[in-house]
Amino acid sequence: MASTGRVDLDGRPIKAMTICMIGAGGFIGSHLCEKLMAETPHKVLAVDVYSDKIKHLLEPQSGGASLPWGDRIQFHRLNIKNDSRLEGLIKMSDLIINLAAICTPADYNTRPLDTIYSNFIDALPVVKYCSENGKRLIHFSTCEVYGKTIGSFLPKDSPLRQDPIYYVLKEDTSPCIFGSIEKQRWSYACAKQLIERLIYAEGAENGLEFTIVRPFNWIGPRMDFIPGIDGPSEGVPRVLACFSNNLLRHEPLKLVDGGQSQRTFIYIKDAIEAVLLMIENPTRANGQIFNVGNPDNEVTVRQLAEMMTQVYSKVSGEAPLEVPTIDVSSKEFYGEGYDDSDKRIPDMTIINRQLGWNPKTSLWDLLESTLTYQHRTYAEAVKQAISKAVAS
Ligand SMILES: NC(=O)c1ccc[n+]([C@@H]2O[C@H](COP(=O)([O-])OP(=O)(O)OC[C@H]3O[C@@H](n4cnc5c(N)ncnc54)[C@H](O)[C@@H]3O)[C@@H](O)[C@H]2O)c1
Ligand SMILES: O=c1ccn([C@@H]2O[C@H](COP(=O)(O)OP(=O)(O)O[C@H]3OC[C@](O)(CO)[C@H]3O)[C@@H](O)[C@H]2O)c(=O)[nH]1
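All values reported here derive from a predicted model rather than from experimental measurement.

Caption draft 1: Representation of the site of ligand 2 in the model. Near ligand 2 lie 23 residues; those nearest to it are Tyr108, Glu144, Tyr188, Lys254 and Asp340. Between Tyr188 and ligand 2, the recorded distance is 2.7 Å, taken from a side-chain N or O atom to an oxygen atom. Starting from 670 Å² of accessible surface for ligand 2 in isolation, the protein chains cover 96%. Those elements that place two or more of their residues in the shell around ligand 2 are helix 4 (105-108), helix 8 (239-248), strand 11 (253-256) and helix 12 (330-334). Partitioning the shell around ligand 2 into residue classes produces 13 nonpolar, three polar and seven charged.

Caption draft 2: Region of the structure containing helix 14 (residues 363-391). Helix length check: helix 14 (29 residues) gives 39 Å between terminal C-alpha atoms against 42 Å at 1.5 Å per residue, within 8%. Of all the bends found along helix 14, the most pronounced is centred on Tyr378 and spans about 50°. Among the residues making up helix 14, those that are buried are Leu363, Leu366, Leu367, Thr370, Leu371, Tyr373, Gln374, Tyr378 and Val382. Packed against the buried residues of helix 14 are strand 10 (218-219), helix 8, strand 13 (266-267), strand 15 (298-300) and helix 11 (301-316).

Caption draft 3: Summary view of the sheet that holds strand 3 (residues 18-22). The seven strands lie next to each other as 5-4-3-6-7-9-14, forming an open sheet whose pairing is parallel. Each edge of the open sheet is held by one strand with a lone partner, namely strand 5 (73-77) and strand 14 (288-292). Averaged over all pairs of adjacent strands, the angle between strand axes in this sheet comes to 15°, irrespective of strand direction. As paired elements, strand 3 and strand 4 (residues 43-48) share five bridges and run parallel to each other. Directly across from Cys20, in strand 4, lies its bridge partner Leu45. In the packing of helix 1 (residues 27-39) onto the sheet, the strands contacted are strand 3, strand 4, strand 5, strand 6 (95-98) and strand 7 (136-140), and the crossing angle to strand 3 comes to about 165°.

Caption draft 4: Local environment of the UniProt feature "domain: NAD-dependent epimerase/dehydratase" (unreviewed entry) in the protein. Taking the UniProt record as the reference, the feature "domain: NAD-dependent epimerase/dehydratase" (unreviewed entry) is found at residues 19-293. Taken end to end, residues 19-293 comprises 34% helix and 17% strand; its first and last C-alpha atoms sit 24 Å apart.

Caption draft 5: Up close: the environment of Ile272. Counting through the fold element by element, Ile272 comes out in helix 9 (residues 268-280). Spatially, the C-alpha atoms of Ile272 and Asp10 are 20 Å apart, while their sequence positions differ by 262 residues. Setting aside its immediate chain neighbours within four residues, Ile272 contacts Ile28, His31, Leu32 and Lys35.

Caption draft 6: Geometry of helix 11. Its 16 residues give helix 11 an end-to-end C-alpha distance of 22 Å, which sits within 8% of 22 Å, the value for a rise of 1.5 Å per residue. Taken residue by residue, helix 11 has Val301, Leu304, Ala305, Met308, Thr309, Val311, Tyr312, Ser313 and Ser316 as its buried positions. The inward-facing, buried residues of helix 11 contact helix 8, strand 11, strand 15, strand 16 (325-328) and helix 14. A positive backbone phi angle near 75° is found at Gly317, which sits one or two residues after helix 11.

Scoring rules and cut-offs
Residues numbered from 1 in each chain as written. Chains lettered and ligands numbered in written order. Predicted model: local features only at pLDDT ≥ 70, side-chain atom pairs only at ≥ 80, totals over all residues. Heavy atoms only, no water. Near = heavy atom within 4 Å. Polar contact = N/O pair within 3.5 Å; in protein donor to acceptor, adjacent residues only side chain to side chain. Areas by Shrake-Rupley, 256 points an atom, 1.4 Å probe, with all protein chains shown as cover. Helix = DSSP H or I, 4+ residues; strand = E, 2+ residues; numbered from the N terminus. Nonpolar A, V, L, I, M, F, W, Y, C, P; charged D, E, K, R; others polar. Expected span 1.5 Å × (residues − 1). Bend = angle between axes of the 7 residues up to and from the residue. Buried < 20%, exposed > 50% of the residue type's maximum accessible area, 1.4 Å probe, protein only. Contact = heavy atoms within 4.5 Å. Pairing = 2+ DSSP bridges. Axes fitted to C-alpha atoms, helices over the stretch in contact; angles between N-to-C directions. UniProt positions renumbered as here; feature names shortened; annotations may be inferred.

Structure, rendered in structure tokens:
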């Protein structure tokens, strides 16, 4: 590995590395590839079944000059479920980052087998090849491994519900509290928890160098899809894309079970800064599990809908909807077996201590840049799709 002229948090030179990024064609992967190409000399072997979201990094845009990062990024179209090339790519790399997963809640209760296979079984060879070949692994888990807060089991009027001890989620002390087995919503969280435990055990018994990332609702451009435009018409993406789709179609935003659940949202670009610190500071990141979120950006889903309605009106120049939201039951929206996390506030002690990292962007600002992107990217296509549907 050649030195890059850049230094890590301890003043040591950072050496250029080859990174095998599995799931590089997704939302987080596309932003991480952009960051690595624009700001570092590292090489990326980008593995995914799709490449649309990183097309701009792989080939010059029409009429454009050649790409400044040259061939530092290579795309390998493969399904990690059944492709013998995976081990070779891992052997060629200094670091493996695994992002591949089914991670949209609409799938957890309706496709529980695919969800469990994707998040546990399909990740097994990645962990095994890393362990056997002495390769460092950064594995993407989720804040969902915490499940529900302890506070949610207290009586509704208990003053203890206001005590952070009962709701702040801490990597090394909070329990993982899921619903019963017929609440198949938890198939994803449970599979993620088991792969975390397996990675941890590989570290303890076989010396695997690992870092586990627990993202807390990272959002921004390129997240998921707009149904009927760049994804299936009947598909249900995560909340940012659901609400964006409603706004683009001038229809009320659907609040599941009253929109009372709470979330903290973090801007993807803030979160990617944290991942880059993990990549370039192995001695501080190895053996750690990191919450990556923004505890200052907490809202209920209803408040998120109201804020997105205001921001979208500002960036599109369109008047806000007269009826901005409607209530739907979770059974109607997601089907049988749905359940929800009540509240997700990340404790920041470990990531502050190890990497000195903090998020910067307010919810209003991140929605402004994200909805500007959504409007610019999709408004015309949605308009055309609506007029085509009316004409037929
Ligand atoms: N975005 C968030 O806020 C968030 C929150 C919690 C956890 N995570 C975790 O972070 C990771 C990335 O999330 P994302 O939001 O970028 O999701 P995403 O769906 O946009 O990206 C996942 C990518 O993995 C690819 N993939 C899935 N299975 C594959 C396979 N068998 N072979 C090859 N490629 C495969 C998909 O094609 C997709 O491009 C996931 O593990 C997810 O569970 C994300
Ligand atoms: O149209 C909609 C869509 C969703 N909701 C509600 O919003 C809450 C958040 O939903 P979403 O972002 O889709 O997903 P979750 O936060 O529940 O789960 C994700 O968290 C991290 C991750 O692991 C990966 O991103 C994933 O599992 C929720 O309460 C929905 O019911 C709505 O009201 N209307």
